[in-house]
Amino acid sequence: MSLTKYKQKRNFGDTPEPAGKVKKQNDKLTFVIQRHHASHLHYDFRLELNGTLKSWAVPKGPSLNPKDKRLAMMVEDHPLEYASFEGDIPAGNYGAGHVDVWDKGSYEPVDEKGNVISASQFNKALHGGSIKFRMKGRKLKGEFALVKLKSDEKSWLLIKHRDEHATDEDYSAEDYAKKSSLAYTAARNAGTISISKKAVKKTAAKKVPAKKATAVKKKRRLKKT
Ligand code: MN
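A few points on the structure. (Residues numbered from 1 in each chain as written. Predicted model: local features only at pLDDT ≥ 70, side-chain atom pairs only at ≥ 80, totals over all residues. Heavy atoms only, no water.)

**Focus: helix α2 (residues 119-127)**
Right, on to step 1. Every buried residue belonging to α2 is among Ala119, Phe122, Asn123 and Leu126, and all of these are buried. Summarising the axial view, the buried residues of α2 lie within an arc of 105 degrees, below the 170-degree limit, and thus occupy one face. Across from the buried face of α2, at angles greater than 90 degrees, the exposed residues are Ser120 and Lys124.
Right, on to step 2. Turning to α2, the residues buried within the fold contact β2 (41-49), β3 (52-58), β4 (69-79), β6 (97-110), β7 (130-137) and β9 (155-160). (Buried < 20%, exposed > 50% of the residue type's maximum accessible area, 1.4 Å probe, protein only. Helix = DSSP H or I, 4+ residues; strand = E, 2+ residues; numbered from the N terminus. Arc of directions from axis to C-beta. Contact = heavy atoms within 4.5 Å.)

Okay, here's the thing in structure tokens:
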């Protein structure tokens, strides 16, 4: 598990996203689903494992209807700190747009029969391209599977299992999005707002030690010229 790709894609002097670190494996595994209106709207589905968040971008968002097989593109591991990230990623940065937490909670990795398995067994299953897990979120509950397609390295399908939390009704994650998320998207689509050009949030800048901060400022000045 490494955050190398995550860090390569981002300039932390310019985006409020956390740099983060790989953490120790926790006993309780968490998940987060973030609604991310970047160039295109999608949902980022993230499961904690081995001290980072394994991540998939789900264009249509998750569903509680077992008939929906939602395409999920595996993306780079994210730091655990990312689970609480919400806000604007300024123009010019990777994933520029707006991020909101849509759901979060804990999950249990399970086997075919629904019995809880260890994180290391789950990691093996992940490498084998097929995982099952029980979600305990506010919106997503019960068993789900993520199954890798043979066609390429990054495409998976996110599927709800039939259980007491499943529905046969049409399900759209957008129906359960925050009002502020929907307002952002409506305004983007109407052209009344565009992706934020704001540079670093002050709170993010404060965390940088004085020496480094000067270096970042210098870099930024150089960029402008
Ligand atoms: Mn995303």
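We are not done yet, so read on.
**Quick word on the coordination of the manganese ion**
Right, on to step 1. Looking at the metal site, the manganese ion is ligated by His36 (ND1), His42 (NE2) and Asp44 (OD), spaced 2.2 to 2.3 Å from it.
Right, on to step 2. Spacing between the donor residues of the manganese ion along their common chain follows H-x5-H-x1-D. Considered together, His42 and Asp44 belong to a single accessibility category, that of buried residues. (Donors = N, O, S within 2.8 Å, 3.2 Å for Na, K, Ca; no water.)

**Topic: the pattern of salt bridges**
Right, on to step 1. Taken as a whole and assessed by the stated rule, the structure comprises 15 salt bridges.
Right, on to step 2. Arg10 serves as the salt-bridge partner of Glu76, at 3.1 Å between the closest nitrogen and oxygen. One end of the pair, Glu76, is in strand β4; the other, Arg10, is in the loop between α1 (4-8) and β1 (29-37), and 66 residues separate them in sequence.
Right, on to step 3. On the basis of relative accessible area, Glu76 is assigned to the buried category, the value being 7%.
Right, on to step 4. Judged by relative accessible area, Arg10 falls into the buried class, the value being 11%.
Right, on to step 5. Between Lys148 and Glu153 there is a salt bridge whose closest N-O contact spans 3.6 Å.
Right, on to step 6. Owing to a relative accessible area of 25%, Lys148 belongs among the partly exposed residues under this scheme.
Right, on to step 7. Among the residues examined, Glu153 registers a relative accessible area of 61% and is labelled exposed. (Salt bridge = Lys/Arg side-chain N within 4 Å of Asp/Glu carboxyl O.)

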